[in-house]
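Secondary and tertiary structure notes
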Amino acid sequence: MEEPDPEAALQNYRKGLEFINSQENYDRLLNSGFNVILRDENLGVQGTLEVVSKKFGLN
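What comes next concerns the included structure. Residue numbering note: each chain is counted from 1, following its sequence as written. A pLDDT threshold of at least 70 governs which residues receive local features in this predicted model, and a stricter bar of 80 or more applies before side-chain atom pairs are shown or counted, although totals over entire chains, interfaces and linings include all residues. Excluded from the side-chain calculations are hydrogens and water; all other atoms, namely the structure's heavy atoms, are used.

1. Topic: the overall build of the chain
Per the convention used, a helix needs a DSSP run of H or I reaching at least four residues, while a strand needs a run of E reaching at least two, with both numbered from the N terminus. The number of helices and strands found in the chain is 3 helices and 0 strands. Beginning at the N terminus, the succession of helices and strands in the chain can be written as α-α-α. The globule rule puts the C-alpha radius of gyration for 59 residues at 10 Å, and the 18 Å found for the chain is more than 25% above it. Each principal axis of the C-alpha distribution contributes one length, and for the chain these read about 55 × 25 × 20 Å. Considering the chain, the positive charge centre built from 6 side chains and the negative charge centre built from 10 side chains are found 9 Å apart. Two things to know: the radius of gyration comes from C-alpha atoms, and the globule rule equals 2.2 Å times the number of residues to the power 0.38. Only four residue types enter the tally: Lys and Arg on the positive side, Asp and Glu on the negative side; His and the chain ends are excluded. Where a charge lies is defined by one atom per residue type: Lys uses NZ, Arg uses CZ, Asp uses CG and Glu uses CD.

So this is what it looks like as structure tokens:
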């Protein structure tokens, strides 16, 4: 299936991503009361597992 206007389709896709990933939605999730684990490239696998264990009381 070929898109008749690929540029318009790409623009529409980008607008959807901007909406979904808006600061408002980010803040809503961050302050929702759910366990949220923020990405930290410096932790590595073991560090991330430790954060998850603490958040979910798995220690």
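2. Observations concerning the pattern of salt bridges
By definition here, a salt bridge exists when the distance from a side-chain nitrogen of Lys or Arg to a carboxyl oxygen of Asp or Glu is within 4 Å. One pass over the structure, following the stated rule, counts 2 salt bridges. In this structure, the salt-bridge partner of Glu24 is Arg28, at a minimum N-O distance of 3.0 Å. Of this pair, Glu24 and Arg28 are both found in helix α2 (residues 23-30), 4 residues apart, which corresponds to roughly one turn of the helix. The same class applies to Glu24 as to Arg28, namely exposed. The partner of Glu41 in a salt bridge is Arg39, with the nearest N and O atoms 2.5 Å apart. Residue Arg39 is classed as exposed on the basis of its relative accessible area, which comes to 75%. Here the term buried applies to any residue with accessible area under 20% of the maximum for its type, exposed to any over 50%, and partly exposed to those in between, with areas from a 1.4 Å probe on protein chains only.

3. Remarks on helix α3 (residues 44-55)
The end-to-end C-alpha separation of α3 is 17 Å, in line with the 16 Å expected for 12 residues at 1.5 Å each. Note on α3: the residue one or two positions beyond its end, Gly57, has a positive phi of about 65°. By this rule the span expected of a helix is its residue count minus one, scaled by 1.5 Å.

4. Thoughts on a nonpolar patch on the surface
A cluster of nonpolar side chains, Leu10, Tyr13 and Leu17, forms an exposed patch at the surface whose accessible area comes to about 280 Å². Secondary-structure assignment places Leu17 in helix α1 (residues 6-20). Patches here: salt-bridge-free residues with over 30% relative accessible area, like charges joined within 9 Å, nonpolar side chains (Val, Leu, Ile, Met, Phe, Trp, Tyr) joined within 5 Å. Reported accessibility uses the Shrake-Rupley method at a 1.4 Å probe radius. Residues are deemed covered only where the shown protein chains occlude them.

5. Brief notes about the environment of Lys15
Structurally, Lys15 is set in helix α1. Here Lys15 falls in the exposed class, since its relative accessible area comes to 58%. For Lys15 and Val52, which are 37 residues apart along the polypeptide, the C-alpha to C-alpha distance reads 32 Å.

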